[in-house]
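# Analysis of the macromolecular model
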Amino acid sequence: MLLTALLVLSLSRCFATNYFQPEQIHLSYGASIYDIVVTWTTYSDCKSTVEYGIDEYERPLKAHGSTTKFIDGGPERRVMYIHRVLLNNLTSSSKYFYHCGSDLGWSALFWFTTPPKDESKWSPHLAIYGDMGNENAQSLARLQDEVQRNIYDAIIHVGDFAYDMDSDNARVGDEFMRQIETVAAYVPYMTCPGNHEQTYNFSNYRARFSMPGDTEGLWYSFDMGPIHFVALSTEVYYNFNYGMKQLVKQYYWLEEDLKRASEPDNRKKHPWIITYGHRPMYCSNNDFDDCRQHSTFVRSGIPFLKWFGLEEMFHRYGVDLSIWAHEHSYERLWPVYDYRVLNGSISQPYQNPKATVHIITGSAGCSERTDPFTPIKPEWSAFRNSDYGYTKVKAWNDTHLYLEQVSDDQDGKVIDSIWLVRERHEAFDNLDHLD
Ligand SMILES: [Fe+2]
């Protein structure tokens, strides 16, 4: 009996495979944009170390972090180890080289660049999109090329990843994270959850990404040069099977966050308030999604009670721009509040608008293809297009922000662009009398 047991044990050792090799490496901002968190995956338990430095070959700095065991909720209960290491006290305006892993295996060599010391003179440039999957990730090759030519400071992925991260016992999530390593290992890849992340209470999303704050990446905010970014989970309005606590917590957190961001000193430093969340308040796609309804949950609050709607709050704090996804298309709205178009003027609609501007950009590419629009464009919709693509945002300074939409179908052609100009970033409800 003992001999048999020993034989089985030695045979199992013969066939054991170790997975210490780091993969799925990606970056995110920590408590500030001068802190970078490196996150990666192994399939065997090991330490978490990043060796880094400004010199490509020496890399004299070393940081250690945490290793967390993650068990996927699928029937195979697959196990992976998520490694997180914070790099802080980074020197501004520098190119850092790094690899991550442990003495049992190191990743390839990657690099990232840090922002300038004086944020007020910085014009951050981002690519923003939602709804990119493992299959048919059409925009990814163009983004990989652009990121590696160092044109972006960060990327924001506005929900719906992989389709889905938990599919095939989370193997689809693994492969998707390997795909995006080619961009996300070079620039912070900031995220928020979408409906495709909801399985097992968003556990794959929460485990794989490392967003700022202590809400496991479901909602958070960060400052980036002249921008105060706010990431939201719209899914708290649609997944009551996980309870309503998250919705209430997020709502009161958001009110506090916007209040703090609107204090004169803070708004002076970071005048642009830009929110991003997955499911839009408005859309004019030819489908039955909630954004086709007049009173969407996110805009007006939960059904019947009308509690926790966000549009009024955005208006009250003068949110400049709201970016959404979920619809697999691009749509730019006129400045709008409660279906009223509140343009700055007839000739300059986006110059000192009197309401938040909404953009829906969910056509990066996924297995569900793109979404068509209704035959008639509503009066609050300014531009619509169903090409695959993504949005570029550059905050040039405190008053001028430039947006453009890139069509991947048309070989990178810019199919839409606007200058959003706000000379005073104030609450919009102060301006209602000007309507
Ligand atoms: Fe979605």
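Values in this document were obtained by computation on a predicted structure and should not be read as measured data.

### What about the environment of G213?
Inspection of the secondary structure assignment puts G213 in the loop between α4 (199-208) and β15 (220-224). The spacing of G213 and E426 is 213 residues in sequence and 26 Å in space, taken between C-alpha atoms.

### Comments concerning the nonpolar core
Within the largest apolar cluster, 111 residues are counted, with the highest numbers of intra-cluster contacts made by V38, I155, V187 and A231. The greatest single-element share of this core, amounting to seven residues, is contributed by helix α3 (residues 167-184). With residues near it in sequence (within four places) discarded, A231 still touches M190, C192, M211, W219, Y220, S221 and Y276.

### Some remarks on the sheet that holds strand β19 (residues 330-333)
Pairing within the open sheet is mixed, and its seven strands lie in the order β15-β16-β17-β18-β22-β19-β23. Looking at strand neighbours, the two that pair on one side only are β15 and β23 (381-385), the edges of this open sheet. In this sheet, adjacent strand axes meet at a mean angle of 15 degrees when their direction is disregarded. As paired strands, β19 and β23 are joined by four bridges and run antiparallel to one another. Paired with L333 across the bridge in β23 is S381.

### Here we look at the UniProt feature "domain: Calcineurin-like phosphoesterase" (unreviewed entry) in the protein chain
When the UniProt feature table is mapped to this numbering, "domain: Calcineurin-like phosphoesterase" (unreviewed entry) covers residues 126-330. For residues 126-330, helix accounts for 35% and strand for 18%, while the C-alpha atoms at its two ends are 17 Å apart.

So, how was this worked out
- Residues numbered from 1 in each chain as written.
- Predicted model: local features only at pLDDT ≥ 70, side-chain atom pairs only at ≥ 80, totals over all residues.
- Helix = DSSP H or I, 4+ residues; strand = E, 2+ residues; numbered from the N terminus.
- Core = buried A, V, L, I, M, F, W, Y, C linked by C-beta atoms within 7 Å.
- Buried ≥ 20, exposed ≤ 12 C-beta atoms within 10 Å, placed from the backbone.
- Contact = placed C-beta atoms within 7 Å.
- Pairing = 2+ DSSP bridges.
- Axes fitted to C-alpha atoms, helices over the stretch in contact; angles between N-to-C directions.
- UniProt positions renumbered as here; feature names shortened; annotations may be inferred.

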